[in-house]
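One-letter residues, chain by chain:
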There are 2 protein chains.
Amino acid sequence: MSEATPLFVVGLGLIGGSLVRAATGHRAVTGWSPSEETRAAAARDGVAVADSLDGLLSTAADRDGLVVLAAPTTAFPQLLARVNAMAPTVRLTDVGSVKAPVQELAERLAPRTRFIGGHPMAGTASSGWEAGSAELFRGAAWVTTLTEDSDLDVWAEVATLAIEAGSRVVPAEPEAHDRSVARVSHLPHLLALALAQVGAEGGPLDLALAASSFADGTRVAGTRPDLIRAMCEGNREALVSAMDDALGILGVARGSLASTGSLQRITAAGHQGRADFDSREAGLEPAELSGEDMVEQLLAVGSSGGHVVSVDRDADGGVVARAFVALED
Amino acid sequence: MSEATPLFVVGLGLIGGSLVRAATGHRAVTGWSPSEETRAAAARDGVAVADSLDGLLSTAADRDGLVVLAAPTTAFPQLLARVNAMAPTVRLTDVGSVKAPVQELAERLAPRTRFIGGHPMAGTASSGWEAGSAELFRGAAWVTTLTEDSDLDVWAEVATLAIEAGSRVVPAEPEAHDRSVARVSHLPHLLALALAQVGAEGGPLDLALAASSFADGTRVAGTRPDLIRAMCEGNREALVSAMDDALGILGVARGSLASTGSLQRITAAGHQGRADFDSREAGLEPAELSGEDMVEQLLAVGSSGGHVVSVDRDADGGVVARAFVALED
């Protein structure tokens with residue numbers, strides 16, 4: 001990457017708009033939004049804005065750029081059809097919150113693109129171009145998905161973009177990503193919603209006595225319902241499985257409390273789980289990755305709880321990455 | 001209350017020690033702990049400390065004081081037996097996190113005491129005399145329990161103590177308190193524990209991708225397991241019912257997601273529940289309470305989501321309270 005690959009961002013909402021701002025200064029950036037108003041707002045803020053999606057995509061193809069789909073995943077079929085028409089072999093990534101379905105869509109609708117799925121795990125309650133910030137991704141995990149067919153050069157481009165934005169790059173298989181976010185992101189939303197409903201149905205005394213455990217436990221229930229639904233319903237299969245795990249644990253605890261009066265098992269396991277979360281980075285060690293089996297090495301970084309912190313090229317143009325990784329026990 | 005009633009605090013841990021500090025300056029305060037080390041530490045900090053429990057209780061009886069049981073509720077049977085022996089008609093309150101069982105114990109083991117149950121809903125992860133702070137109760141709800149037999153004069157003493165400490169006084173029947181805290185305090189702990197276990201069982205990738213929704217949703221899973229168990233297991237019946245409500249909501253959502261793919265119902269109800277929580281004080285209006293049916297009036301304040309902010313006496317010595325209360329729709 002002696003010369004930074006130009007970036008073409010499709011969608012200028014919170015995530016796309018933040019990405020444009022974060023990448024500016026590191027590389028040439030062009031944006032496009034289906035909203036004329038948003039295009040005008042971005043242009044007023046100094047962003048190079050394409051007049052049309054097809055125009056953006058054909059320029060991206062000409063300049064061998066990296067296209068980022070930063071639109072709702074419901075728009076992906078339509079967008080991928082345009083990519084396939086205008087820039088059929090372009091470097092392509094996305095920022096959608098579910099990865100296996102997007103991988104499948106990309107392979108089906110734009111099969112010749114060099115696609116690497118992405119998911120920057122950052123967001124705020126706000127939305128729209130104005131809400132964007134170059135700092136949004138700082139410190140966040142940015143998942144980059146890999147399969148056996150992945151193009152490592154494009155992975156390196158996407159990882160570099162994420163690192164420029166201040167994120168930790170977490171390589172993962174698309175299905176593994178979806179299973180994980182079901183458990184640690186989508187399930188927390190459903191538990192928060194259920195708790196908020198129980199508290200409110202209890203009436204005013206309940207809400208008057210609710211303190212920090214309730215406030216923290218219901219915080220994400222304040223997220224816009226349509227956003228929660230889009231995120232959770234889009235990851236249906238993995239989320240049903242995560243709910244079953246939670247319902248199983250709670251059901252056993254309920255039975256134990258009712259029959260023997262003991263909550264020993266859930267308190268011990270849950271406390272240990274939180275301790276594991278708090279110490280999740282304690283076992284990570286620096287490592288340098290290179291060579292033929294890079295995809296496997298990168299996936300091992302992610303599945304160990306580690307992340308990539310820099311990406312470079314060796315003398316022969318091969319990808320070299322520095323990472324933090326948990327060594328095997 | 002022309003002259004402040006002297007206070008006798010049994011137990012000098014986090015809550016008792018904080019209460020001693022908060023009441024100092026407002027009234028005479030004497031403390032006692034079963035630990036000689038704790039008694040010595042409190043004495044070094046300038047607190048009047050009794051040498052023995054019986055000595056503390058007999059002085060409380062002589063001075064017509066207010067005794068506060070600030071010990072673990074597991075010690076209450078033993079403590080109430082001593083109260084019944086040494087100060088059988090004393091003014092008595094407690095700070096236990098469950099109220100109907102304590103009410104029953106007090107009525108059975110110290111039947112002539114003038115007892116008003118209490119629960120200051122404040123705490124930290126720390127424990128012991130050194131962890132105490134005069135500011136611990138500021139802004140917290142302090143539940144005071146009332147039954148048809150309650151002595152309003154003693155209620156006024158307990159309420160005054162809570163207000164001195166900076167708390168909002170929430171009158172409630174003992175059983176209503178236990179139902180509410182099961183839903184808004186104990187249930188959140190169990191959901192946090194279940195979520196933490198699901199996340200940790202998913203493995204290192206899950207924990208690496210866990211962000212603020214998981215961090216917030218599992219925070220109270222970091223509480224000491226023995227404290228969670230004591231609190232939750234002590235409120236068994238109400239907590240089983242609260243768990244059934246949560247399991248019902250989650251089970252329906254799981255079924256809907258698996259069958260139709262929709263999470264419409266749980267997102268709408270949960271989002272509304274959180275909005276109700278955020279606006280819970282919006283409908284409260286100031287009111288002055290006095291007269292024959294004070295217990296009913298006070299309970300109506302609590303069940304409307306309101307609280308008492310000051311307590312005084314009228315010319316005839318009757319209790320007068322100012323409160324915020326939600327008017328009937």
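Residues numbered from 1 in each chain as written. Chains lettered and ligands numbered in written order. Predicted model: local features only at pLDDT ≥ 70, side-chain atom pairs only at ≥ 80, totals over all residues. Heavy atoms only, no water.

Participant: Can you break down the sheet that holds strand β3 (residues 48–49) of chain A residue by residue, with the values?
Facilitator: The sheet built from six strands is open, its strands ordered β3-β2-β1-β4-β5-β6 (chain A) with parallel pairing. Strands at the two margins of the open sheet, each flanked by one partner only, are β3 and β6 (114–116) of chain A. (Pairing = 2+ DSSP bridges. Helix = DSSP H or I, 4+ residues; strand = E, 2+ residues; numbered from the N terminus.)

Participant: Residue-level account of the pattern of salt bridges, with values.
Facilitator: Here the structure, examined in full by the defined rule, presents 32 salt bridges over all chains. Put simply, Glu157(A) and Arg91(A) hold a salt bridge, and the shortest N to O gap is 3.7 Å. Of this pair, Glu157(A) sits in helix α6 (residues 152–164) while Arg91(A) is found in strand β5 (residues 91–94), placing the two residues 66 residues apart along the sequence. Residue Arg91(A) is classed as buried on the basis of its relative accessible area of 13%. Where Arg224(B) meets Asp226(B), a salt bridge forms, and the shortest distance between an N and an O atom there is 2.8 Å. What makes Arg224(B) partly exposed here is its relative accessible area of 37%. Under the relative-accessibility criterion, Asp226(B) is labelled partly exposed at 43%. Where salt bridges share partners, they join Asp64(A), Arg91(A), Arg114(A) and Glu157(A) into one cluster. (Salt bridge = Lys/Arg side-chain N within 4 Å of Asp/Glu carboxyl O. Buried < 20%, exposed > 50% of the residue type's maximum accessible area, 1.4 Å probe, protein only.)

Participant: Describe the interface of chain B and chain A, naming the residues involved and giving the relevant values.
Facilitator: Every contact between the two is made by 87 residues of chain B and, on the other side, 87 residues of chain A. For the pair chain B and chain A, the summed buried surface comes to about 7,700 Å²; carbon and sulfur atoms form 70% of the total. Remark: the boundary between chain B and chain A carries six salt bridges. In this structure, Arg183(A) engages Asp206(B) in a salt bridge whose closest nitrogen and oxygen atoms are separated by 3.1 Å. Our count for the chain B to chain A interface comes out at 30 residue pairs in polar contact (both at pLDDT 80 or more). A class-by-class count of the residues in the side of chain B that touches chain A yields 45 nonpolar, 26 polar and 16 charged. (Contact = heavy atoms within 4.5 Å. Buried area = accessible area lost by both parts, 1.4 Å probe. Polar contact = N/O pair within 3.5 Å; in protein donor to acceptor, adjacent residues only side chain to side chain. Nonpolar A, V, L, I, M, F, W, Y, C, P; charged D, E, K, R; others polar.)

Participant: For the packing of helix α10 (residues 225–233) of chain A against helix α12 (residues 264–278) of chain B, give the residues involved together with the corresponding values.
Facilitator: Think of two packed helices as two axes; the pair is described by the angle between the axes and how far apart they sit. In contact at an axis separation of 10 Å, α10(A) and α12(B) are set at 145° when each is read in the N-to-C sense. Between α10(A) and α12(B) lies a crossing whose hand is right-handed. Across the interface between the two elements, Pro225(A), Ile228(A), Arg229(A) and Glu233(A) from α10(A) touch Gln264(B), Thr267(B) and His271(B) from α12(B). The residue makeup of the contact of α10(A) with α12(B), split by class, is two nonpolar, three polar and two charged. (Axes fitted to C-alpha atoms, helices over the stretch in contact; angles between N-to-C directions. Left-handed = near helix turned anticlockwise from the far one by under 90°.)

Participant: Account for empty space enclosed by the protein, naming residues and giving values.
Facilitator: Enumeration over the complete set of coordinates arrives at two cavities of 30 Å³ or more. One number sums up the size of the largest cavity: a volume of about 120 Å³. What lines the largest cavity is a set of 18 residues, and nearest its centre among them are Asp216(A), Gly217(A), Ala192(B), Asp216(B) and Gly217(B). Residue assignment for the lining of the largest cavity shows that the elements contributing at least two residues are α7 (174–202) and α9 (212–218) of chain A together with α7 (174–202) and α9 (212–218) of chain B. Residues that form the lining of the largest cavity fall into these classes: 10 nonpolar, five polar and three charged. Taken as a whole, the second largest cavity holds about 40 Å³ of empty space. Along its surface, the second largest cavity is lined by Arg168(A), Arg280(A), Glu281(A), Gly305(A), Gly306(A), His307(A), Pro204(B) and Ala208(B). (1 Å grid on protein atoms, 1.4 Å probe; cavity = no way out; pocket = protein on both sides within 12 Å on 5 of 7 lines; lining within 4 Å. Points joined across faces, edges and corners; volume = space filled by probe spheres on them.)

Participant: I'd love a proper account of the side chain of Thr5(B), names of residues and values included.
Facilitator: Residue and element names in this part refer to chain B. For Thr 5, the position within the fold is in the segment before β1 (7–10). According to the relative accessible area criterion, Thr 5 is buried, its value standing at 5%. Within the local environment of Thr 5, its side chain forms a polar contact with the side chain of Glu 157, the two groups lying 2.8 Å apart.

Participant: Lay out the nonpolar core in plain terms, naming residues and giving numbers.
Facilitator: In this structure, Leu209(A), Leu250(A), Ile266(A), Leu209(B), Leu250(B) and Ile266(B) are the most contacted members of the largest nonpolar core, which totals 84 residues. Setting aside its immediate chain neighbours within four residues, Leu209(A) contacts Met121(B), Ala141(B), Val143(B), Val170(B), His177(B), Ser180(B), Val181(B) and Val184(B). (Core = buried A, V, L, I, M, F, W, Y, C linked by side-chain atoms within 4.5 Å.)

Participant: Any details on the pairing of strand β8 (residues 141–145) of chain A? Residues and values, ideally.
Facilitator: All names here are of chain A. Within β8, five of the five residues are buried, leaving the element largely enclosed by the surrounding structure. Because side chains alternate across β8, one face comprises the buried residues Ala 141, Val 143 and Thr 145, and the other comprises Trp 142 and Thr 144, equally buried. Pairing of strand β7 (residues 118–120) with β8, which is carried by three bridges, proceeds in the antiparallel orientation. Residue pairing across strands places Pro 120 opposite Trp 142, the latter belonging to β8. Of the pairings in the sheet, the one linking β8 to strand β9 (residues 168–172) comprises five bridges and is parallel in character. Paired with Thr 145 across the two strands is Ala 172, which belongs to β9. Assessed by its sense of winding, the connection that carries the chain from β8 through α6 to β9 is right-handed. (Right-handed = clockwise from strand over helix to strand, strands pointing away.)

Participant: Can you lay out unusual backbone geometry for me, pointing to particular residues and giving the numbers?
Facilitator: All names here are of chain A. Even without being a glycine, Asp 64 presents a positive backbone phi close to 50°. Relative to the helices and strands, Asp 64 is located in the loop between α3 (53–62) and β4 (66–69). Exposure remark for Asp 64: the relative accessible area of 34% places this residue in the partly exposed category.

The values reported here are purely geometric and, on their own, carry no functional implication.
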